[in-house]
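Listed here are the chains, written in short residue letters.
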Amino acid sequence: MAEDQPYWLRDESQRMTSTNPMHGGGVGSGSSAAGGEETTGKPAVVWGFRIVHFGLCAMMAATGALSIMGFGSINGNQLSGFFVALYLLMFAALWFTFEVMQIQPIDWIVFHLHRNFGFLFHPMGKALFIIFVAFLNFGVKEGDQIGLATGLLCIIDGVALIFLYLKYPQWHPTPGRVSS
């Protein structure tokens, strides 16, 4: 019964004895993939994407902060821009927290991320999330140059993640599939 449940719904004793989708054959394992394909460049590519993601999180937070600081008295037209900037800050914090938990997991934070934002743990869900926040960056009025740059870079990153997932699916283990 416990193996039928997703990893994040299992209790602590079941989690310790089962395969963790974040570590079991996943990022940085350096093992050969099923099917005999070599995964030599995997750790470098994964760490490269993580570094880019940290930079994009910082750019998103800067875009949101600059947009919020640019508001004077809030009228009806500026209210929607304020909420877009607020969402940018929240999504930047969420994405940053997710990336940090991939490096140094803290069980209770990972549990809540899995429970509430499980789509981030699948490469396609994460890529679509990144593309979604890219379009939010286009919606800011204040600091529109950094918003445009951040949005374009996020779209490029999201599309690159999709292509990477489609070309090397064994680099991205999912809870239902354990790579060897």
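Residues numbered from 1 in each chain as written. Predicted model: local features only at pLDDT ≥ 70, side-chain atom pairs only at ≥ 80, totals over all residues. Heavy atoms only, no water.

K.L.:
Can you walk me through the overall build of the protein in this structure?
P.N.:
Secondary structure assignment for the protein yields six helices and zero strands. For the protein, the sequential pattern of α-helices and β-strands runs α-α-α-α-α-α. Here the protein holds 180 residues, and 39% of them are scored as buried. A sequence separation of at least 24 residues applies to 64% of the contacts in the protein between residues at least 6 apart. With an accessible surface of roughly 9600 Å², the protein has 67% of that area assigned to carbon and sulfur atoms. (Helix = DSSP H or I, 4+ residues; strand = E, 2+ residues; numbered from the N terminus. Buried < 20%, exposed > 50% of the residue type's maximum accessible area, 1.4 Å probe, protein only. Contact = heavy atoms within 4.5 Å. Areas by Shrake-Rupley, 256 points an atom, 1.4 Å probe, with all protein chains shown as cover.)

K.L.:
Sorry if this is basic, but what is going on with the packing of aromatic side chains here?
P.N.:
The description of an aromatic ring pair uses the distance of the two centres, along with the angle that the planes make with each other. Inspection of every chain in the model, using the stated rule, returns ten aromatic pairs. Pairwise contacts between aromatic rings join Tyr 87, Phe 91, Trp 95, Phe 117, Phe 119, Phe 129 and Phe 132 into one cluster. Just above the ring of Trp 47 sits the side chain of Arg 50; from NZ or CZ to the centre is 5.2 Å. (Phe/Tyr/Trp six-rings, centres within 6.5 Å; stacked < 30°, edge-to-face > 60°. Lys NZ or Arg CZ within 6 Å of the ring centre and 35° of its normal.)

K.L.:
Just to check I follow, could you spell out a nonpolar patch on the surface for this structure?
P.N.:
There is a patch of nonpolar side chains on the surface, built from Leu 79, Phe 83, Leu 86, Tyr 87 and Met 90 and spanning about 440 Å² of accessible area. Summarising the element assignment, Phe 83 is placed in helix α3 (residues 76-103). A relative accessible area of 40% places Phe 83 in the partly exposed class. (Patch = residues over 30% accessible without salt bridge, like charges linked within 9 Å, V, L, I, M, F, W, Y side chains within 5 Å. Salt bridge = Lys/Arg side-chain N within 4 Å of Asp/Glu carboxyl O.)

K.L.:
Sorry if this is basic, but what is going on with the nonpolar core here?
P.N.:
As a rule of thumb, soluble globular proteins bury nonpolar side chains together. Ranked by size, the top nonpolar core spans 30 residues in total, and within it Met 60, Phe 91, Trp 95, Phe 129 and Cys 154 carry the most contacts. For this core, the elements supplying multiple residues, two or more each, are α2 (42-69), α3, α4 (107-117), α5 (123-137) and α6 (144-167). The greatest single-element share of this core, amounting to eight residues, is contributed by α3. (Core = buried A, V, L, I, M, F, W, Y, C linked by side-chain atoms within 4.5 Å.)

K.L.:
So what exactly am I meant to see when it comes to the environment of Trp 47 here?
P.N.:
If you trace the backbone, Trp 47 turns up in helix α2. A sequence separation of 56 residues divides Trp 47 from Ile 103, and the C-alpha atoms of the two residues are 9.6 Å apart.

K.L.:
How do you make sense of the side chain of Lys 126 when you look at a structure like this?
P.N.:
With respect to the element layout, Lys 126 can be found in helix α5. A relative accessible area of 13% places Lys 126 in the buried class. Excluding anything up to four places from it in sequence, Lys 126 contacts His 53, Trp 95, Phe 98, Glu 99, Phe 119 and Leu 120.

K.L.:
When you look at the packing of α2 against α5 in this model, what are you seeing that I'm missing?
P.N.:
The description of two packed helices rests on the angle between their axes and on the distance between the axes. Running from amino to carboxyl end, α2 crosses α5 at an angle of 30°, the nearest separation of the two axes being 11 Å. Here α2 is positioned roughly parallel relative to α5, judged by the angle of their axes. Between α2 and α5 lies a crossing whose hand is left-handed. Each of His 53, Met 60 and Thr 63 in α2 lies in contact with α5, whose residues at this interface are Lys 126, Ile 130, Val 133 and Asn 137. Counted by class, the contact of α2 with α5 contains three nonpolar, three polar and one charged residues. (Axes fitted to C-alpha atoms, helices over the stretch in contact; angles between N-to-C directions. Parallel < 35°, antiparallel > 145°, perpendicular 65-115°, else oblique. Left-handed = near helix turned anticlockwise from the far one by under 90°. Nonpolar A, V, L, I, M, F, W, Y, C, P; charged D, E, K, R; others polar.)

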